[in-house]
Amino acid sequence: MMRSLIQPSNLCALLFTGSIILGGNFAWGQDRPKSTERILFDFNSPQVPDAVTISNGTASILPSADNNRSLSVKLKSKDHLYTALNISPEDPWNWQQKGTVGIAMDIGNPGPYPVQLYLDVTDKAGQKFTRGVVIPVGAPQTYYAELQGDDIDHDTGLRENPPSWDIDGQKFIWLWGTEKLNLSAITKVSLSTKSLQFDRQFTLDNVRLITNPKTDPDYLSHIVDKYGQSAKINYPLKIHSDAELKSQTSTELQSLAKGGKPSERSTYGGWKDGPKLNATGYFRTEKYNGKWAIIDPEGYLFFSTGVANIRLDNTVTMTGVDFDRTRLSKALSIETKDPSAVFNQVPRSVLKTRTVSSEIRHNMFEWLPDYNDTLANHYGYRNGAHTGPIKRGETYGFYSANLERKYGEASPKSFLEKWQDVTVDRMLDWGFTSFGNWADPAFYENPELPYFANGWITGDYKTVSSGDDYWAPLPDPFDLEFERQAKLTARKVAGEVKDNPWCIGVFIDNEKSWGRMGTVKGQYGIVINTLSRNGFESPTKAEFTRLLKEKYKTIEVLNAAWSTNIKSWKKLNRGIWLKEYNAAQKEDFSLLLKVYADKYFEVVDSTLNDVMPNHMYLGVRFATWGMTPEVIEAAAEYTDIISYNEYQEIPHHAQWSFLNDTDKPALIGEFHMGASSDTGVFHPGLIHAVDQADRARMYTNYMTTIIDNPNFVGAHWFQYTDSPITGRAYDGENYNVGFVSVTDTPYPELVEAAKAMNNGLYKRRFGSAPPHQD
């Protein structure tokens, strides 16, 4: 254990001025600057420092026989959605140094459960980043995060890079926020948790700055092998040869041939051994014995468990290569093709213009095939990206290439047909009752597994902004063009479904930024930003002006209520900026947001009813970071099931009790857990597990929480395959979130957990099985 050279009583006063340097002074030589460490807190004082505060927990100094104390933190996370340890100096810290700078700390976990901690570092301007790490049960280990240096400077397009520091420690994984903070004015460091199932505890010691640690200059070089796996890391499921891949495939196919759908299932996957209710020939919902349920076309109780995103779209990664765009556009209208498509190939006439557009990215690959190679058909081209430095360029699909290696290609893309057959066999053998969202439409004709259809309302309609539009601005539902595009989307989906009774229902759109709870501006951003718009250009703004004029009659009455000085209704309609919000304004904001959301859901619902009257409308797949009570209330009025994407350890009762008031069937459209310790993947995903066994345990706990809640009617894991290790081309996600790896190898621990959960599904939900305890 490292010790401070100064007693903690003097430490706080000195560390604020940046005067404590351990390991020598910062002397910059001609070569690499000297590595140094600067202790911020070692907790060797008998008292908890004044700079430390706890939200929903307790902190105490943990005694030690050798007087090397540490901080013990106990979190009341079972009863509280959010818990945190905060370290806030009296005056901002100045951590500005030359070279590489990072924060490190020693964290232990007395148990009994691993805990995912979020590290937030905040500067004086309020900028912060959030990173995460899972702390396994056991002795303290070092965890670190780079604050300044080459890894921060390199925009690789990956959500997380491989470790660049050559030290004995584990890095905090990047999640979101501002990469480059003002290190001369750091105001807070916090370790927090959210939405945990049980109380947790951890120990903290030796919080320190590390400057200019030893780094690996080749940490981004040749990190991917020819199978799309980590080239520099060995792990249990790693494939080393085509022969090994084919042998593994043969073994799995023999096993699947002995499997099949559980005997208790009806034709459509419902509970054949349970009660039989009214059969309509299509899926519907009903509350049975106080629990919401989907009813299958034959009238049996149905609960949807499945895996989302079973398709090849977004399995490709950027290679760092591009082509002459003028010649490319003339040879092929890339602009009009689906940017997420896998086999969107560049014409051979343009190949001679192939050039490296990003040396860093192109050098990540040990192998990419020549265009004359038999696996060159897995090259593609993407013309747009949401995030990352490369917005267009050549892509390669390692996952689809591995499918061809596994199954061969007797005829063009015949490996895809075999993949589809094997995938259905897997889903049935693993006990799932349905697909999740975004199943490839090729599965729609399969008479063995129910599915969910989906559509995106795109087009040249007007938009509004919440002020925090993560994926894209929101549509203006009062624009007639939006209604026209909604009808086109509904007709397209209807044409794919063809009134198929195997279709449970339809999702339209996904994870829109309806509003963030916590502040007035966050919750009512759509309204506040729209009020600043000109009503002659924004149909939603014109409707807001009309409603306010209808309510207040005169501008003077509105000004009295809002404490404003708006000159006229004409001035309000042209646009006003509001920076302070009183009670009357907040009441009106809530009303206007509800009107906006009502219009959106009414338009979508009516268009679906016109062309798909036999299929349920399943909502917009709310991201729980981007929804408000007003929007949920509107969804409840127009949808058959409200869908939510909830990436947490569990849906915590403190956040989800509103379901009892809504009294509407709910479905989780996305959740996942991932691990990097035994997969070779650099980023676990949004929710972290220690390893594959822990991942399986977390999956079981999440699903039992859903099954035991009378309001939920299903939950879908996202997604079928791991992300590409160098990031999916659209947004750089490189997560271990698959039921299968990039080589299409199932994760056995997760598969066995799914089998056990699904085989006991209906008795647990509707029978007499005892509630889940662990």
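What counts, and where the lines are drawn
- Residues numbered from 1 in each chain as written.
- Predicted model: local features only at pLDDT ≥ 70, side-chain atom pairs only at ≥ 80, totals over all residues.
- Heavy atoms only, no water.
- Buried < 20%, exposed > 50% of the residue type's maximum accessible area, 1.4 Å probe, protein only.
- Helix = DSSP H or I, 4+ residues; strand = E, 2+ residues; numbered from the N terminus.
- Contact = heavy atoms within 4.5 Å.
- Salt bridge = Lys/Arg side-chain N within 4 Å of Asp/Glu carboxyl O.
- Pairing = 2+ DSSP bridges.
- 1 Å grid on protein atoms, 1.4 Å probe; cavity = no way out; pocket = protein on both sides within 12 Å on 5 of 7 lines; lining within 4 Å.
- Points joined across faces, edges and corners; volume = space filled by probe spheres on them.
- Nonpolar A, V, L, I, M, F, W, Y, C, P; charged D, E, K, R; others polar.
- Core = buried A, V, L, I, M, F, W, Y, C linked by side-chain atoms within 4.5 Å.
- Expected span 1.5 Å × (residues − 1).
- Right-handed = clockwise from strand over helix to strand, strands pointing away.
- Patch = residues over 30% accessible without salt bridge, like charges linked within 9 Å, V, L, I, M, F, W, Y side chains within 5 Å.
- Areas by Shrake-Rupley, 256 points an atom, 1.4 Å probe, with all protein chains shown as cover.
- Lys, Arg positive; Asp, Glu negative; His and termini not counted.
- Charge placed at Lys NZ, Arg CZ, Asp CG, Glu CD.

## Some words on helix α6 (residues 398–407)
And then number 1: Of all 10 residues in α6, 10 are buried; the element is thus mostly enclosed.
And then number 2: Here α6 has its buried residues at Phe398, Tyr399, Ser400, Ala401, Asn402, Leu403, Glu404, Arg405, Lys406 and Tyr407.
And then number 3: Packing partners of the buried residues in α6 comprise α3 (242–256), β18 (317–318), β22 (393–396) and α7 (414–429).
And then number 4: Note on α6: the residue one or two positions beyond its end, glycine 408, has a positive phi of about 75°.

## Section: the pattern of salt bridges
And then number 1: Applying the stated criterion across every chain, the model contains 36 salt bridges.
And then number 2: Measuring nitrogen to oxygen at the nearest pair gives 2.9 Å for the salt bridge that ties arginine 284 to glutamate 286.
And then number 3: Looking at arginine 284, the relative accessible area reads 17%, which means it is buried.
And then number 4: By relative accessible area, glutamate 286 is classed as partly exposed at 26%.
And then number 5: The partner of glutamate 481 in a salt bridge is arginine 484, with the nearest N and O atoms 3.0 Å apart. Taken together, the positions of glutamate 481 and arginine 484, both in helix α8 (residues 480–497) and three residues apart, correspond to about one turn of that helix.
And then number 6: Here arginine 484 falls in the partly exposed class, since its relative accessible area comes to 44%.
And then number 7: Three or more residues joined by partner-sharing salt bridges are found here, namely Arg159, Arg728, Asp731 and Glu733.

## Details of the environment of aspartate 425
And then number 1: Along the polypeptide, aspartate 425 turns up in helix α7.
And then number 2: Once the C-alpha coordinates of aspartate 425 and methionine 757 are considered, the two residues, 332 residues apart in sequence, prove to be 18 Å apart.

## Brief notes about the sheet that holds strand β14 (residues 284–288)
And then number 1: Read from one edge of the open sheet, three strands run β14-β15-β16, paired in antiparallel fashion. Each edge of the open sheet carries a strand with a single partner, namely β14 and β16 (301–302).
And then number 2: In this sheet, β16 lies alongside strand β15 (residues 291–295) in antiparallel orientation, the contact comprising two bridges. Each residue of the ladder has a partner; that of isoleucine 294, found in β16, is phenylalanine 302.

## Considering the layout of surface pockets
With a probe scaled to a water molecule rolled over the atoms, the places where space remains empty come into view.
And then number 1: The computed volume of the second largest pocket comes to approximately 600 Å³.
And then number 2: Class assignment of the residues belonging to the lining of the second largest pocket gives a composition of 14 nonpolar, eight polar and three charged.

## A word on the nonpolar core
And then number 1: Ranked by internal contacts, the top residues of the largest apolar core, which has 160 residues, are Phe601, Phe622, Tyr644, Tyr699 and Phe739.
And then number 2: In terms of residue count, helix α14 (residues 583–611) provides more of this core than any other element does, 11 residues in total.
And then number 3: Counting residues in hydrophobic clusters, the runner-up holds 39 residues, among them Trp93, Val101, Leu119 and Val189.

## Some words on empty space enclosed by the protein
And then number 1: A full pass over the atoms with the stated rule returns eight cavities of 30 Å³ or more.
And then number 2: Quantified by volume, the largest cavity comes out at close to 100 Å³.
And then number 3: Its residues placed into classes, the lining of the largest cavity shows six nonpolar, seven polar and one charged.
And then number 4: Its volume calculated, the second largest cavity comes out at about 90 Å³.
And then number 5: Considering the residues around the second largest cavity, the lining is formed by 14 residues, among which Gly157, Met318, Arg361, Thr387 and Ala729 are closest to the centre.

## Details of the sheet that holds β18
And then number 1: Taken in spatial order, the three strands make up an open sheet running β18-β22-β21, and their pairing is antiparallel. Each edge of the sheet is formed by a strand with only one pairing partner; in this case those strands are β18 and β21 (379–382).
And then number 2: Note that β21 and β22 share four bridges and pair antiparallel. Pairing of arginine 382 across the sheet is with glycine 393, part of β22.

## Here's the deal with α8
And then number 1: Between its first and last C-alpha atoms α8 spans 26 Å; for 18 residues at 1.5 Å apiece the expected length is 26 Å, and the two agree.
And then number 2: Every buried residue of α8 is accounted for by Phe482, Gln485, Ala486, Thr489, Ala490, Val493, Ala494 and Val497.
And then number 3: Of the residues one or two after α8, lysine 498 is the one with positive phi, at around 55°.

## What about the pairing of strand β30 (residues 666–670)?
And then number 1: Of all five residues that make up β30, five are buried, and the element is covered over most of its length.
And then number 2: In terms of strand pairing, β30 meets strand β31 (residues 712–718) through two bridges, oriented parallel. What sits directly across from alanine 666, in β31, is phenylalanine 712.
And then number 3: Handedness of the β30-helix α18 (residues 692–707)-β31 crossover: right-handed.

## Considering the side chain of threonine 628
And then number 1: Summarising the element assignment, threonine 628 is placed in the loop between β28 (622–623) and α15 (629–638).
And then number 2: Excluding residues that lie within four positions of it along the chain, threonine 628 makes contacts with Trp514, Gly515, Met517, Gln523 and Leu593.

## Here's the deal with a negative patch on the surface
And then number 1: Among the surface-exposed residues, Glu417, Asp421, Asp425 and Glu448 lie close enough to one another that they form a single negatively charged patch.
And then number 2: In this structure, glutamate 448 sits in the loop between α7 and β23 (451–455).
And then number 3: Judged by relative accessible area, glutamate 448 falls into the partly exposed class, the value being 37%.

## Some points on unusual backbone geometry
And then number 1: Look at the link from glycine 111 to proline 112: it is a cis peptide, with omega at 5°.
And then number 2: Residue phenylalanine 718 is joined to glutamine 719 through a cis peptide bond whose omega torsion reads 20°.
And then number 3: Position of glutamine 719 among the secondary structure elements: in the loop between β31 and α19 (748–759).
And then number 4: The residue glutamate 511 is not glycine, and still its phi comes out positive at about 50°.
And then number 5: Mapping glutamate 511 onto the fold places it in the loop between β26 (503–508) and α9 (520–523).
And then number 6: With a phi angle near 65°, aspartate 744 is a residue other than glycine that sits in the positive phi range.
And then number 7: Positionally, aspartate 744 belongs in the loop between β31 and α19.
And then number 8: Look at aspartate 744 and you get buried, because its relative accessible area is 0%.

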